[in-house]
Amino acid sequence: MSSKKRFAIIGAGLGGAAVAVLLKQAGFDVTVYERAPRFSRLGAGIHMGPNVMKIFRKMGIEEKVSLMSSHPDYWFSRDGLTGEYMSRIPLGEFALKEYGAAYVTVHRGDLHDVMLSPLDEKDVIFNKHLESIEDTGNEVLMTFADGTEAKADFVIGADGINSMVRENLLGKEEPTYSGWVAHRALITGEQLAKFDHDFEDCIKWWTEDRHMMVYYTTGRRDEYYYVTGVPDPDWNSNASFVDSSREEMREAFDGYHGTVQALIDATESVTKWPLKNRNPLPLWRRNRMVLLGDACHPMKPHMAQGAAMAIEDAAMLVRCIEEVGLTDFETAFELYEANRKDRATRVQATSNANTWLRTQEDPAWCFGYDLYSEPLKNISK
Ligand code: FAD
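Here the structure is a predicted model, which is why all the values come from computation and not from measurement.

Undergrad: In this structure, what is going on with the overall build of the protein? I would like to understand it.
TA: From N to C terminus, the protein includes 12 helices and 19 strands. Its C-alpha atoms give the protein a radius of gyration of 21 Å, near enough to 21 Å, the size a compact globule of 381 residues would have. A total of 381 residues make up the protein; the buried ones form 54% of that total. If the 43 positive side-chain charges of the protein are averaged to one point and the 57 negative ones to another, these points end up 3 Å apart.

Undergrad: What is the right way to read the side chain of serine 244 from this model?
TA: Summarising the element assignment, serine 244 is placed in the loop between strand E16 (242-243) and helix H8 (246-252). Given a relative accessible area of 13%, serine 244 falls into the buried group. Reaching out from serine 244, the side chain makes a polar contact with the side chain of glutamate 248 at a distance of 3.4 Å.

Undergrad: Is there a simple way to explain the sheet that holds strand E13 (residues 202-207) in this structure?
TA: Backbone-to-backbone hydrogen bonds join strands into a sheet, with any given pair of strands oriented parallel or antiparallel. Pairing in this open sheet of 8 strands is mixed, and the strands run E5-E4-E13-E14-E15-E12-E17-E16 from one edge to the other. Single-partner strands in this sheet number two, and they are strand E5 (85-90) and E16. Pairing of E13 with strand E14 (residues 210-216), which is carried by 6 bridges, proceeds in the antiparallel orientation. Paired with threonine 207 across the strands is arginine 210, a residue of E14.

Undergrad: Help me out: how do you make sense of the packing of aromatic side chains in this one?
TA: Each aromatic ring pair is characterised by the separation of its centres together with the angle its planes make. Inspection of every chain in the model, using the stated rule, returns 20 aromatic pairs. When the ring of phenylalanine 7 is compared with that of phenylalanine 154, the centres are 5.2 Å apart and the planes differ by 35°; the resulting orientation is tilted. Taken together, the residues phenylalanine 7 in strand E1 (residues 6-10) and phenylalanine 154 in strand E11 (residues 154-157) connect sequence positions 147 residues apart. Take phenylalanine 7 and phenylalanine 154: they sit in the same class, and that class is buried. Between the aromatic rings of phenylalanine 329 and phenylalanine 333, the centroid separation amounts to 6.0 Å while the plane-to-plane angle is 55°, which identifies the pairing as tilted. Taken together, the positions of phenylalanine 329 and phenylalanine 333, both in helix H11 (residues 329-353) and 4 residues apart, correspond to about one turn of that helix. Residue phenylalanine 333 is classed as buried on the basis of its relative accessible area, which comes to 1%. Put simply, the rings of Phe94, Tyr99, Tyr103, Trp356, Trp365 and Phe367 pair up and form one aromatic cluster.

Undergrad: Looking at this structure, how should I read the pattern of salt bridges?
TA: One pass over the full model with this rule turns up 27 salt bridges. As a salt-bridge pair, glutamate 208 and arginine 358 come within 4.0 Å of each other at their nearest N and O atoms. With glutamate 208 in the loop between E13 and E14 and arginine 358 in the loop between H11 and helix H12 (364-367), this pair connects stretches of sequence that are 150 residues apart. We classify glutamate 208 as exposed; its relative accessible area is 72%. Here the salt bridges do not stand alone but share partners, grouping Arg6, Glu139, Lys151 and Asp153 into one network.

Undergrad: Please clarify how the packing of helix H1 (residues 14-25) against helix H2 (residues 50-59) should be interpreted in this entry.
TA: The relative placement of two packed helices comes down to the angle between their axes together with the axis-to-axis distance. At their nearest, the axes of H1 and H2 sit 10 Å apart, and the two run at 40° to each other. Of the possible angle classes, the one that applies to H1 and H2 is oblique. Both H1 and H2 take part in a crossing whose hand is left-handed. Here Ala18, Val21, Leu22 and Gln25 of H1 lie close against H2, whose contacting residues are Ile55, Lys58 and Met59. In terms of residue class, the contact of H1 with H2 is built from 5 nonpolar, 1 polar and 1 charged.

Undergrad: Whenever I open this one, the pairing of E11 confuses me. Can you help?
TA: On any regular strand, side chains alternate: one points to one face of the sheet, the next to the other face. Of the two faces of E11, the one carrying Phe154 and Ile156 and the one carrying Val155 and Gly157 are both buried. Where E1 lies against E11, 4 bridges are found, and the strand directions are parallel. Residue pairing for E11: alanine 8 is matched across the bridge by valine 155. Here E11 pairs with strand E19 (residues 289-291) via 3 bridges, running parallel.

Undergrad: How should I be thinking about the side chain of asparagine 51 in this particular structure?
TA: Positionally, asparagine 51 belongs in helix H2. By relative accessible area, which is 1% here, asparagine 51 ends up buried.

Undergrad: It is not clear to me how helix H10 (residues 306-324) should be interpreted in this structure. Could you clarify?
TA: Between its first and last C-alpha, H10 extends 27 Å over 19 residues, near the 27 Å set by a 1.5 Å rise per residue. For H10, the buried fraction is high: 16 of the 19 residues fall into the buried class. With its phi angle positive at about 90°, glycine 325 sits one or two positions after the end of H10.

Undergrad: What is the right way to look at the pairing of strand E4 (residues 74-79) in this model?
TA: With 5 bridges joining them, E4 and E5 adopt antiparallel strand pairing. Bridge pairing links tyrosine 74 to proline 90 in E5. Between the antiparallel neighbours E4 and E5 lie 5 residues, among them glycine 83 with a positive phi of about 85°.

Undergrad: What am I meant to see in the sheet that holds E11 here?
TA: Strand order in the open sheet formed by 6 strands is E7-E2-E1-E11-E19-E18, with mixed pairing between adjacent strands. Only two strands of the sheet have a single neighbouring strand rather than two, namely strand E7 (124-125) and strand E18 (285-286). Of the strand pairs in this sheet, E18 and E19 are connected by 2 bridges, and their pairing is antiparallel. Paired with arginine 285 across the bridge in E19 is valine 290.

Cut-off values and rules
Residues numbered from 1 in each chain as written. Predicted model: local features only at pLDDT ≥ 70, side-chain atom pairs only at ≥ 80, totals over all residues. Heavy atoms only, no water. Helix = DSSP H or I, 4+ residues; strand = E, 2+ residues; numbered from the N terminus. Rg over C-alpha atoms; globule rule 2.2 N^0.38 Å. Buried < 20%, exposed > 50% of the residue type's maximum accessible area, 1.4 Å probe, protein only. Lys, Arg positive; Asp, Glu negative; His and termini not counted. Charge placed at Lys NZ, Arg CZ, Asp CG, Glu CD. Polar contact = N/O pair within 3.5 Å; in protein donor to acceptor, adjacent residues only side chain to side chain. Pairing = 2+ DSSP bridges. Phe/Tyr/Trp six-rings, centres within 6.5 Å; stacked < 30°, edge-to-face > 60°. Salt bridge = Lys/Arg side-chain N within 4 Å of Asp/Glu carboxyl O. Axes fitted to C-alpha atoms, helices over the stretch in contact; angles between N-to-C directions. Parallel < 35°, antiparallel > 145°, perpendicular 65-115°, else oblique. Left-handed = near helix turned anticlockwise from the far one by under 90°. Contact = heavy atoms within 4.5 Å. Nonpolar A, V, L, I, M, F, W, Y, C, P; charged D, E, K, R; others polar. Expected span 1.5 Å × (residues − 1).

Structural data, given as structure tokens:
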């Protein structure tokens, strides 16, 4: 039998994929259990800032991600009604020089594929829905919905906002509905070409209580994506998303600038997602179990840094495990929490407040962060 410590990771989302790759590279035995039967290329884009691209460098996927992504020169914020610029945040060459890596926007499904690519097929087991989990003191026993069981030395809960691992640590508690929904739509380059507008690479249109964030999801710029934040106090569905419509979009963005109206006209299908979150958790770990990503700090997505925080968590967790070793795993996990909590909580609060880059602010504290050169905070014993 191998003497390598066995890590079970619950959830193969962006956080689970990152921690699995980094642990495997560090020489540990990893198995990822994912409840979905497979992943498909769902209609959504995602931003990845230089803070994450530096972690992709360590994972060996930075170049691949860079090649398939769009590289905006700026994040623009504009008044939704008048079109007036509220901020022009330099990215592009400036990000490479000042923050040490690129700022990209990309299709989430394409990114996910690349993030999972360093793993072998046997490392990720699909159709494994964790139903219960028990820390027996010297190992962790997992039971899945199909009646099978598995054991591991340590379990990482990367199982998202409704995390079963979180529930085991802290008890059952539904996340809170924020009162806002997000509409999401992908528009083909062909559709866009029918409209005589300057569709900027990365732009957020704002009014007081709502916004629309728009960007390309490929390096070829043949797919454009928008995601909104719109108040909807009456949401009462249990579905993770529902279909929306062009008519609903027109109503929600009535009076908005002509470029936004063109995007709505170009929309062929659009979905609507309730935005949920939780208050910061009182603990992120206990004994042999530890949480990361949305399992421990879900947030409204308005800073475009939720997955980034899951990936940073993954990298910091592996760094702390390598630093301390697993003979004293509780100290390793404590060091991880101590080195993540403040930053993740700051991002969570900023994202929930939806103020990020609305005006000409300096984003260096977020984009310039280099997880691997940051000195580790001490923990007092
Ligand atoms: P998840 O992505 O939720 O992954 C959890 C995984 O665990 C899933 O695959 C799930 O199937 C699996 N799972 C759950 N329960 C079980 C179980 N019991 N057993 C087995 N498997 C299980 N972030 C950014 O950084 N940039 C952006 O631009 C951005 N845009 C966003 C736009 C919107 C509209 C939304 C809603 C979010 C956005 N985010 C963005 C946030 C980002 O999507 C999340 O923060 C991120 O996906 C969290 O990753 P995770 O791996 O922690 O969890």
